[in-house]
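Chain by chain, the residues run as shown.
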Amino acid sequence: DAKTTQPPSMDCAEGRAANLPCNHSTISGNEYVYWYRQIHSQGPQYIIHGLKNNETNEMASLIITEDRKSSTLILPHATLRDTAVYYCIVRPHSGGYQKVTFGTGTKLQVIP
Amino acid sequence: DSGVTQTPKHLITATGQRVTLRCSPRSGDLSVYWYQQSLDQGLQFLIHYYNGEERAKGNILERFSAQQFPDLHSELNLSSLELGDSALYFCASSVGRGSYNEQFFGPGTRLTVL
């Protein structure tokens, strides 16, 4: 798996957009960017994934730079329940049995 | 609720002992993954099974072993336990064989080794 780099922590005011960056400068052409989050020792929860186009679902938006070396997860209106550790992962989207590597993620604190 | 169940929720044991953690995947999912999360650490991938067969191994100690049964539930066996094995152990399941499939995580088993 390609290595990812995320800031260890971020704060965001409640109701504002939370923008979580991820650097994946060694990403390969067939690797997708996935985001998961983990709320206080619960099992991680899938959020979104993408290859090169921006993606949006009911939880978040994913913006991937044109060179695919970095991405940003956007929570448009952060709530207190979004306080969690957010993991950015890259891995192939076809074939293969890969070791799945989660880093230490970004601890997002949403402040009232 | 992800649909993945893990038992027990909590386990307290002594050094040198052996324990078994159990995971039932979501209905229809054929892949099961095991992860270890020590205090303030990221998730460490241990092992992946697909339809009963081992498919990928991560940083799993030789003292640890796993298997997936015909009914697709999985067990993680930890033996000769050490203090450093205290951690949260998660299993996840996915429908397909590749690690690229979206994974659904269980609530975890918290293991404390005294």
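Here the structure is a predicted model, which is why all the values come from computation and not from measurement.

A. Spotlight on the packing of aromatic side chains. Under the defined criterion, the tally for this structure stands at 5 aromatic pairs over all chains. Measuring from ring centre to ring centre gives 6.0 Å for Y36 of chain A and F105 of chain B, while their planes differ by 80°; the resulting arrangement is edge-to-face. Here the residue Y36 of chain A occupies a position in strand β3 (residues 31-38), and F105 of chain B occupies one in strand β10 (residues 104-105), the pair thus bridging two chains. A centroid spacing of 5.9 Å and a plane angle of 65° characterise the contact between Y35 of chain B and F45 of chain B, whose relative ring orientation is edge-to-face.

B. Here's a closer look at the state of the cysteines. Per the stated rule, a full pass over the model turns up 2 disulfides over all chains. Here C22 of chain A connects covalently by a disulfide to C88 of chain A, the sulfurs 2.1 Å from one another. Between C22 of chain A and C88 of chain A, the disulfide has an S-S torsion of -80° and is therefore left-handed. Within this pair, whereas C22 of chain A is found in strand β2 (residues 18-23), its partner C88 of chain A is found in strand β8 (residues 84-92), the two being separated by 66 residues in sequence. Using a relative accessible area of 3% as the deciding quantity, one classes C22 of chain A as buried. Overall, C88 of chain A belongs to the buried group, its relative accessible area being 1%. At a sulfur-sulfur separation of 1.9 Å, the disulfide partner of C23 of chain B is C91 of chain B. Here C23 of chain B and C91 of chain B share a disulfide; its torsion about the S-S bond, 70°, makes the bridge right-handed.

C. Layout of the side chain of S71 of chain A. Residues and elements named next belong to chain A. Tracing the backbone shows S71 in strand β7 (residues 70-75). The exposure class assigned to S71 is buried, which follows from its relative accessible area of 3%. A polar side-chain atom of S71 sits 2.9 Å from a polar atom in the side chain of H24. For S71, the contacting residues outside a window of four places in its chain are L20, P21, C22, H24, V33, W35, L62, I63, I64 and C88.

Cut-offs applied
Residues numbered from 1 in each chain as written. Chains lettered and ligands numbered in written order. Predicted model: local features only at pLDDT ≥ 70, side-chain atom pairs only at ≥ 80, totals over all residues. Heavy atoms only, no water. Phe/Tyr/Trp six-rings, centres within 6.5 Å; stacked < 30°, edge-to-face > 60°. Helix = DSSP H or I, 4+ residues; strand = E, 2+ residues; numbered from the N terminus. Disulfide = S-S within 2.5 Å. Buried < 20%, exposed > 50% of the residue type's maximum accessible area, 1.4 Å probe, protein only. Polar contact = N/O pair within 3.5 Å; in protein donor to acceptor, adjacent residues only side chain to side chain. Contact = heavy atoms within 4.5 Å.

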